[in-house]
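# Reading the structure
Residues per chain are reported as follows:
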Amino acid sequence: MTTPVAATTPSAVLDRVSLVLDAFDGPGRLTLAQIVRRTGLPRSSAHRMLERLVQLRWLRREGHDYELGMRLVELGSLAVHQDRLHRAAMPFLHELHRVTGHVVHLAILDAADVVYLEKIGGRIAEAIPTRVGGRYPAHCTGVGKAILGYSDETRLAAIDAAVLSRKTRYSISTSTQLRSDLAKVRAQGIAYEREEALPGFGCVAAPIGNFGEVVAAVSICGPVPQMQLDHRLAAPVRMTALGIWNNIEGGAIRVQPTLQQNRPILGKSSVLRGHADGPTVTQNLQSA
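Before going into details, it helps to say that this report is about the structure given with it. (Residues numbered from 1 in each chain as written. Predicted model: local features only at pLDDT ≥ 70, side-chain atom pairs only at ≥ 80, totals over all residues. Heavy atoms only, no water.)

## What about the sheet that holds strand 9 (residues 216-223)?
In space, the 6 strands of this open sheet follow the order 6-5-4-9-8-7, with antiparallel pairing throughout. Looking at which strands have only one partner, the edges of the open sheet turn out to be strand 6 (135-137) and strand 7 (191-194). Here the strands of the sheet are splayed against their neighbours by 30 degrees on average, with no regard to which way each runs. As judged from the 4 bridges shared by strand 7 and strand 8 (residues 201-208), these two strands associate in the antiparallel manner. (Pairing = 2+ DSSP bridges. Helix = DSSP H or I, 4+ residues; strand = E, 2+ residues; numbered from the N terminus. Axes fitted to C-alpha atoms, helices over the stretch in contact; angles between N-to-C directions.)

Set out below in structure tokens:
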């Protein structure tokens with residue numbers, strides 16, 4: 001005879017806690033009524049759980065509103081900074097931002113979405129609605145297309161089965177369009193995104209890892225008039241991805257990368273050739 005599992009077993013409690021925390025996937029605070037609607041939990045159960053999570057600092061309450069608490073922020077930050085990929089990438093991401101002046105993203109693929117592990121940028125970063133831990137449909141982003149272009153059919157199947165939502169009028173909306181774009185990524189080793197995620201902004205992205213082994217992608221984003229969506233920006237992004245991959249393979253950060261320029265590389269052909277007083281981008285990053 002099989003004994004029914006009681007609703008108070010640890011697994012059931014964890015399932016409910018997960019439901020409550022997942023309700024906060026987005027900006028802003030939530031009221032008890034909103035949390036009840038999003039989770040489907042009974043009001044009394046949801047209220048008891050919320051108050052206990054407040055006591056544990058997993059949530060914070062302001063009046064009748066709840067938001068994520070500092071304990072979750074602490075744990076999330078610890079998880080990110082302990083991550084091998086993140087640690088291997090950080091010096092290269094900062095250098096890429098210094099050289100190009102554009103917003104830099106590091107992202108991984110989760111089903112049909114990309115999840116951002118890092119975002120580095122100046123004031124222009126505030127105009128781009130991405131955040132560390134945030135999600136975005138992979139087919140709308142440069143980082144997403146870079147990863148998918150270097151992925152096997154198993155990963156692509158999840159995207160083919162998904163409804164390709166549109167963020168702008170330029171977003172890819174069909175599987176055929178996406179496959180065509182991904183073929184270009186495989187041929188060029190680089191992904192371009194022109195106002196597909198956000199009007200007025202474009203991205204250049206490169207996969208981190210070999211075909212079938214890709215683990216993440218790195219990108220630079222900025223206003224379309226300031227972005228050279230060609231080899232001039234593709235070169236430093238591609239070399240950054242290579243440097244990160246070499247660091248992951250080596251198991252430790254072994255170099256402080258130098259991409260040479262101290263100012264934004266707005267159309268400078270020296271990005272590829274280098275100057276007499278310094279090495280090229282390729283030379284610097286291939287030493288990683």
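## Some thoughts on the layout of surface pockets
Empty space within the second largest pocket amounts to approximately 160 Å³. Taken together, Tyr150, Gly189, Ala206, Pro207, Ile208, Gly209, Asn210, Arg238, Met239, Ala241, Leu242 and Trp245 form the lining of the second largest pocket. For the lining of the second largest pocket, the secondary structure elements donating two or more residues are strand 8 and helix 9 (231-250). Residue contributions to the lining of the second largest pocket peak at 5 residues, all from helix 9. Broken down by class, the residue content of the lining of the second largest pocket amounts to 8 nonpolar, 3 polar and 1 charged. (1 Å grid on protein atoms, 1.4 Å probe; cavity = no way out; pocket = protein on both sides within 12 Å on 5 of 7 lines; lining within 4 Å. Points joined across faces, edges and corners; volume = space filled by probe spheres on them. Nonpolar A, V, L, I, M, F, W, Y, C, P; charged D, E, K, R; others polar.)

## Details of the side chain of Ser151
For Ser151, the location among the structural elements is in the loop between helix 6 (142-149) and helix 7 (153-161). If sequence neighbours within four positions are ignored, Ser151 has contacts with Leu156, Phe211 and Val214. (Contact = heavy atoms within 4.5 Å.)

## Looking at empty space enclosed by the protein
The tally for this structure, following the rule as stated, stands at 1 cavity of 30 Å³ or more. Here the largest cavity defines a volume of roughly 170 Å³. The wall of the largest cavity is formed by 17 residues, among which Ile128, Thr130, Glu193, Ala197 and Cys203 lie closest to the centre. Elements that contribute at least two residues to the lining of the largest cavity include exactly helix 6, strand 8 and strand 9. With 3 residues, strand 8 is the single largest residue contributor to the lining of the largest cavity. Across the lining of the largest cavity, the residue classes tally to 10 nonpolar, 6 polar and 1 charged.

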